[in-house]
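Chains, contacts and geometry: an overview
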Amino acid sequence: MKKIKIITLGCDKNLVDSEIIAGQLSNKYEVSPDFNEGEAIIVNTCGFIGDAKEESIDTIFRAVEQKNFGKFNKVFITGCLAERYYKDLKKDLKEVDGVYHLKDFKGIVKELIPDYKPSKDLFNERLALEMGHVAYVRISDGCNHNCSYCAIPSIRGKYKSRAEESILSEVKMLKKAKVKEIILIGQEISSYGTDLYKENRLIKLLTEISKIAGEGMWIRLLYSHPPLVTEEFIDFIAKTDNICNYLDFPIEHSETEILKAMYRNDTREDLLEKIKYMRKTIPNIALRTSIITGFPGETRKVFNNMLKFIKEAKFERLGVFAFSPEEDTDAIDLPNRVTRKTALKRVSEIMDIQQELSYEFNQTLIGNIEKVLIDRVDGEYSIGRTFRDTPDVDCEVLIKGDLDVGEFYDVKIVDATEFDLYGEMV
Ligand code: SF4
């Protein structure tokens, strides 16, 4: 079979899209992110902030270079950058053989398989492009919150819940395929059902998923919307054994005046209250957050208050990026801009603090027996994760020896750095 290389940039929502395309192509082509030559390269781009756009453009140029060297015959692009700048890219990128709107899976596949007949449920025929034992399950797409800095609603559109039957049938299929971890994603998952069923059905959906998953499968929840995280939701995670005690809780900022300018309906006090409740209700919960530095109006005093908040909240995992003024967002017109240099310096300051917090936290795990899911074997180490860690973004556990990928093991933690844990089999 001829080969197609798919390069996926950006977030796991894009990975799901790439896997849908790969699934549809897989009758006629071998598809992988690792090929060095073949029929075509598909670049699934990201484009929500400046750095992501640059990376996407660089990757497209590198793909075109490979085509010019004769390694591939064609280059196609899709994803968020292609959606956002569709007309410009179509006009300017003459060396590219096709630009496709986000979600125009059928268009891109038809280009490579002219007599292609689409499957009824594209999700159920996805081809795993990364780890076979971990699957990202998208429960919704788009977003209605219109945070003032975020271009995503203009790229991915209004909130759209995926039908419950489709999600549950995918989970059943993954259970049958012996997948060990499903990661539920959406731009934000907290509003699930509000469009399609006119009521919030997140807990109902999770109840059904949890029943199907049963024992021996982790369910991980990514991308909650903090203003919509309720005590009922936290209580539900607390009592549901196969949902990991982990939550992606992206606060973006801690200070009330900035949150207001971001159009996020939380205050500093609300956030601290919610974090306190989560820690009281689920004592071993691992919280991951993301932060934006240098939002307009972030004076040094405001930033110092955020540093205090971070030290108090003690997130187990934290990602931070500098504010990027984006077209089609309200924040682009806000006064009191912070220079890029200052915003980047503040990124480093937060990372320094977070590294100390992560180190302190990881040290407390030494001596624990942890359940670890093995993701890969690399040299003398088998590398896996605890329930506290999402693939690619959080910590890993390194265990000497050759363990089975995709299996759970009880591991004693014997050492820890800010980034990784070291373990021994018990
Ligand atoms: S909730 Fe997330 S995706 Fe939606 S507008 Fe805000 S930052 Fe963007």
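What you are looking at is a predicted structure, and each value in this text was computed from that prediction instead of being measured.

Re the side chain of Arg 84
Relative to the helices and strands, Arg 84 is located in helix H3 (residues 80-84). Here Gly 47 takes part through its backbone oxygen, which lies 2.9 Å from a polar atom of the side chain of Arg 84. Within the local environment of Arg 84, its side chain forms a polar contact with the side chain of Glu 326, the two groups lying 2.8 Å apart. The residues touching Arg 84, leaving out its near neighbours within four places in the chain, are Gly 47, Phe 48, Lys 53, Ala 151, Ile 155, Glu 326 and Glu 327.

Quick look at a negative patch on the surface
A surface patch of negative charge is lined by Glu 231, Glu 232, Asp 235, Glu 269, Asp 270 and Glu 273. Contributions of two or more residues to the negative patch are made by helix H9 (231-239) and helix H11 (268-281). With respect to the helices and strands, the residue Glu 273 is situated in helix H11.

Digging into the sheet that holds strand E13 (residues 317-322)
The strand order across the open sheet built from 6 strands is E6-E9-E10-E11-E12-E13, with neighbouring strands paired in parallel fashion. The open sheet has two edge strands with one neighbour each: strand E6 (134-138) and E13. Taken pair by pair, the neighbouring strands of this sheet meet at an average axis angle of 20 degrees, ignoring direction. Sheet topology places strand E12 (residues 286-293) next to E13; 6 bridges connect them, and they run parallel. Considered in E13, the bridge of Ser 290 is made with Gly 319.

Focus: the pattern of salt bridges
The full count for this structure, using the stated rule, is 33 salt bridges. Here Asp 394 ties to Arg 288 by a salt bridge, and the two come within 2.5 Å at their closest N and O atoms. Of this pair, Asp 394 sits in the loop between strand E15 (381-385) and strand E16 (396-400) while Arg 288 is found in strand E12, placing the two residues 106 residues apart along the sequence. Looking at Arg 288, the relative accessible area reads 13%, which means it is buried.

With respect to the domain arrangement of the protein
We note that the domain assignment places domain 1 (2-122), domain 2 (124-364) and domain 3 (369-425) within the protein. When each unit is reduced to the centre of its C-alpha atoms, the spacing between domain 1 and domain 3 is 33 Å.

Describing the site of the ligand
Contacts to the ligand come from Cys 143, His 145, Asn 146, Cys 147, Tyr 149, Cys 150, Pro 153, Gln 187, His 225 and Arg 264. Among the residues making up the shell around the ligand, the classes are represented as 5 nonpolar, 4 polar and 1 charged.

Some thoughts on the sheet that holds E15
Sheet strands associate in pairs through backbone hydrogen bonding, adopting either a parallel or an antiparallel arrangement. Within the closed barrel, the 5 strands sit side by side as E14-E15-E16-E18-E17. Their pairing is mixed. In this sheet, neighbouring strand axes are inclined to one another by 55 degrees on average, regardless of whether the strands run parallel or antiparallel. Two elements, E15 and E16, share 4 bridges in a ladder whose sense is antiparallel. Its bridge partner being in E16, Gly 384 is matched across the sheet by Val 397.

A short note on the layout of surface pockets
Rolled over the atoms, a probe with the dimensions of a water molecule shows which regions are left empty. Its volume calculated, the second largest pocket comes out at about 430 Å³. Considering the residues around the second largest pocket, the lining is formed by 21 residues, among which Phe 123, Arg 138, Lys 160, Ser 161 and Arg 162 are closest to the centre. Secondary-structure elements contributing two or more residues to the lining of the second largest pocket are strand E7 (140-141) and strand E8 (160-161). Grouping the constituent residues of the lining of the second largest pocket by class yields 7 nonpolar, 4 polar and 10 charged. Summarising the domain contributions, the lining of the second largest pocket has at least three residues from each of domain 1 (2-122) and domain 2 (124-364).

Brief notes about the pairing of E12
Burial analysis of E12 places 8 of its 8 residues in the buried class, which makes it a mostly covered element. In E12, alternate side chains face the same way, and those of Ala 286, Arg 288, Ser 290 and Ile 292 on one face and Leu 287, Thr 289, Ile 291 and Thr 293 on the other are all buried. Bridging between strand E11 (residues 243-248) and E12 involves 3 bridges; their strand directions are parallel. From the neighbouring strand, Leu 247 faces E12, where its bridge partner is Leu 287. Each parallel crossover has a hand, and the one from E12 via helix H12 (residues 300-313) to E13 is right-handed.

Focus on unusual backbone geometry
Positive phi outside glycine occurs at Lys 198, with the angle close to 60 degrees. Within the secondary structure layout, Lys 198 lies in the loop between strand E9 (181-185) and helix H8 (202-213). Classification of Lys 198 as exposed rests on a relative accessible area of 69%. Within the chain, Asp 328 stands out as a residue other than glycine whose phi angle is a positive 65 degrees.

Parameters at a glance
- Residues numbered from 1 in each chain as written.
- Predicted model: local features only at pLDDT ≥ 70, side-chain atom pairs only at ≥ 80, totals over all residues.
- Heavy atoms only, no water.
- Helix = DSSP H or I, 4+ residues; strand = E, 2+ residues; numbered from the N terminus.
- Polar contact = N/O pair within 3.5 Å; in protein donor to acceptor, adjacent residues only side chain to side chain.
- Contact = heavy atoms within 4.5 Å.
- Patch = residues over 30% accessible without salt bridge, like charges linked within 9 Å, V, L, I, M, F, W, Y side chains within 5 Å.
- Areas by Shrake-Rupley, 256 points an atom, 1.4 Å probe, with all protein chains shown as cover.
- Salt bridge = Lys/Arg side-chain N within 4 Å of Asp/Glu carboxyl O.
- Lys, Arg positive; Asp, Glu negative; His and termini not counted.
- Charge placed at Lys NZ, Arg CZ, Asp CG, Glu CD.
- Pairing = 2+ DSSP bridges.
- Axes fitted to C-alpha atoms, helices over the stretch in contact; angles between N-to-C directions.
- Buried < 20%, exposed > 50% of the residue type's maximum accessible area, 1.4 Å probe, protein only.
- Domains from an automatic or database assignment.
- Near = heavy atom within 4 Å.
- Nonpolar A, V, L, I, M, F, W, Y, C, P; charged D, E, K, R; others polar.
- 1 Å grid on protein atoms, 1.4 Å probe; cavity = no way out; pocket = protein on both sides within 12 Å on 5 of 7 lines; lining within 4 Å.
- Points joined across faces, edges and corners; volume = space filled by probe spheres on them.
- Right-handed = clockwise from strand over helix to strand, strands pointing away.

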